[in-house]
Amino acid sequence: MTEPKDTKNNPRRYSSVVVDGVSQAPSRAMLRAVGFTEADFQKSQIGIASTWSMVTPCNMHIDQLARLAGEGADAAGGKSVIVNTNTVSDGIWMGTPGMRYSLGSREVIADSIETVVGAEGFDGFVTIGGCDKNMPGCAIAMVRMDRPSVFVYGGTIMPGAHRCDIVSVFEAVGAVAAGRMSKAQLLEVEQTAIPGAGSCGGMYTANTMASAIEALGLSLPNSSAQDAISPDKLEDCRRAGAAVVELVRRGIKPSDIVSREAFENAITVVIALGGSTNAVLHLLAIAHEANIPLTLDDFTRIGARVPVLADLRPSGRYAMSELVAIGGIQPLMKMLLEHGLLHGGCLTVSGKTIAENLAHIKPYPAGQDIIRSFDNPIKNDSHLVVMTGNIAPDGAVAKITGKEGLRFVGTARVFGSEESALEAILGGVVVAGDVVVIRYEGPKGGPGMREMLSPTGAIMGRGLGSQVALITDGRFSGGSHGFVVGHV
């Protein structure tokens, strides 16, 4: 993008082009109608890119968060303007043609934020995301525009009744098909699993990407580990608005923050948390926008020395809200830093380095077993296993926590679509010892590289999780678990 001329050291380097001078009287006239005062034209304009939508509980509260971020920017001396972009819901459209739009929405979101930030001449901006694709979409827009900016995570949902969540519902469908659960019990799970606002409650893709973006340095400390409905999240939004005004004043941009070392930090944190395979796709995409070389080999290299420490769903026992209750991810990051696994000198949007942010962080409380010690890891190396071979000459990604075993031998049962595979799983055609192969669900074949939570959830629900493997050119939801290989 072409920079405005003669404004390099001006904190209003972009907005001044739009609102200063006699020639821009029409621009000012339009802005007066949406609430600008005379004094506002001399302030840095701060865009608040909201992904609010009533499509999904992940984003239903973000309109309130956006207003608070705007208040924070205004109180710090900026002039906030709230704008919107789209969001989609993987949990709602999973297993349907709607999932073909999911991964592509990441680019649409990045493009829409770029469009408004660039056209309006915002000097800085806040992005607020709450669901799987709008978070990497926000991060892509931030590094692409390279203007002072902060990402805010909408926060995690609280568990439903009996500690259920959305994955519980998918697995209950398989349990009904197997006769292990009644339809009345399924209805109870359906009615109580999603109690309100917030992103899906395990270390699924939303919580994974929020943690990765924080580790990249693009959100304020602990933004990734807060309940959606909590005073901490409200304060996080106010602080983010103020932080962008300060970043504008200091001239700190994403290009000053995002580096190869920062991406290594993000990968390290994702592995330690047992995060989603989607992190591989999204971090590669963000790095591409930032012109930073990152490949599948980097995940393998870093994964060889980073253990899985978090006992979080889907493979583990605990929900994200339970990790929040003992301190979030900051104590984990401090553990990783002390073991030489993080680059502490990387700058963050707080204006401080990773090491400076972590200096005052206290360890987890004694007796907790959500985050393991380095002496007692869940797995000694990464659960994100990059594979190559005759089926996947250009690579595939498996999610192997160790609970699934390290080897599976079985009979291939091949399907040409997710729908046909799901029908066979629910109908009892797929049996113990089978390897379900789902083809034609990749970026072109799907099209759109749909997620396979419906078939993996059905396999789990039927009680075949340790007896059936699955291979696909599609993706997996962060909620998928079992012996699964995707991204072929």
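Bear in mind that the values here come from a model prediction, so they are computed numbers and not experimental data.

Strand pairs in the sheet, formed through backbone hydrogen bonds, run parallel or antiparallel to each other. Spatially, β5-β6-β10-β9-β8-β7 is the arrangement adopted by the six strands of the open sheet, whose pairing is mixed. Of all strands in the sheet, those bounded by a partner on one side alone are β5 (384-387) and β7 (411-415). Geometrically, the sheet is characterised by an average inter-axis angle of 20° between neighbouring strands, direction not taken into account. Strand direction decides the pairing type here: strand β8 (residues 434-438) and strand β9 (residues 469-472), joined by four bridges, are parallel. Looking at the pairing, Ile-438 lines up with Thr-472 of β9.

Below, the discussion takes up the packing of aromatic side chains. Within the structure shown, the criterion is met by two aromatic pairs. Plain terms: the ring middles of Phe-408 and Phe-483 are 5.7 Å apart, the flat faces sit at 45° to each other, and that makes the pair tilted. Taken as a pair, Phe-408 in the loop between β6 (396-399) and β7 and Phe-483 in strand β10 (residues 483-486) lie far apart in primary sequence, 75 residues in all.

A word on the sheet that holds strand β2 (residues 79-84). Strand order in the open sheet formed by four strands is β2-β1-β3-β4, with parallel pairing between adjacent strands. A single partner strand is all that each edge strand has here, and the edge strands are β2 and β4 (149-153). The sheet shows a mean angle of 20° between the axes of neighbouring strands, taken without regard to direction.

What follows concerns the packing of helix α18 (residues 418-426) against helix α19 (residues 453-461). At their nearest, the axes of α18 and α19 sit 9 Å apart, and the two run at 10° to each other. Classified by the interaxial angle, the pair formed by α18 and α19 is roughly parallel. Between α18 and α19, the residues in contact are Glu-418, Leu-422, Ile-425 and Leu-426 and Ser-454, Pro-455, Ala-458 and Ile-459, respectively. Grouping the constituent residues of the contact of α18 with α19 by class yields six nonpolar, one polar and one charged.

What follows deals with the environment of Val-306. In this fold, Val-306 is placed in the loop between α14 (296-303) and α15 (320-325). Overall, the relative accessible area of 0% leaves Val-306 in the buried class. Distance in space between the C-alpha atoms of Val-306 and Ile-113 is 35 Å, their sequence separation being 193 residues. Among residues more than four places away in sequence, those in contact with Val-306 are Thr-268, Ile-271, Ala-272, Leu-341, Asn-380, Asp-381 and Ser-382.

What counts, and where the lines are drawn
- Residues numbered from 1 in each chain as written.
- Predicted model: local features only at pLDDT ≥ 70, side-chain atom pairs only at ≥ 80, totals over all residues.
- Heavy atoms only, no water.
- Pairing = 2+ DSSP bridges.
- Helix = DSSP H or I, 4+ residues; strand = E, 2+ residues; numbered from the N terminus.
- Axes fitted to C-alpha atoms, helices over the stretch in contact; angles between N-to-C directions.
- Phe/Tyr/Trp six-rings, centres within 6.5 Å; stacked < 30°, edge-to-face > 60°.
- Parallel < 35°, antiparallel > 145°, perpendicular 65-115°, else oblique.
- Contact = heavy atoms within 4.5 Å.
- Nonpolar A, V, L, I, M, F, W, Y, C, P; charged D, E, K, R; others polar.
- Buried < 20%, exposed > 50% of the residue type's maximum accessible area, 1.4 Å probe, protein only.

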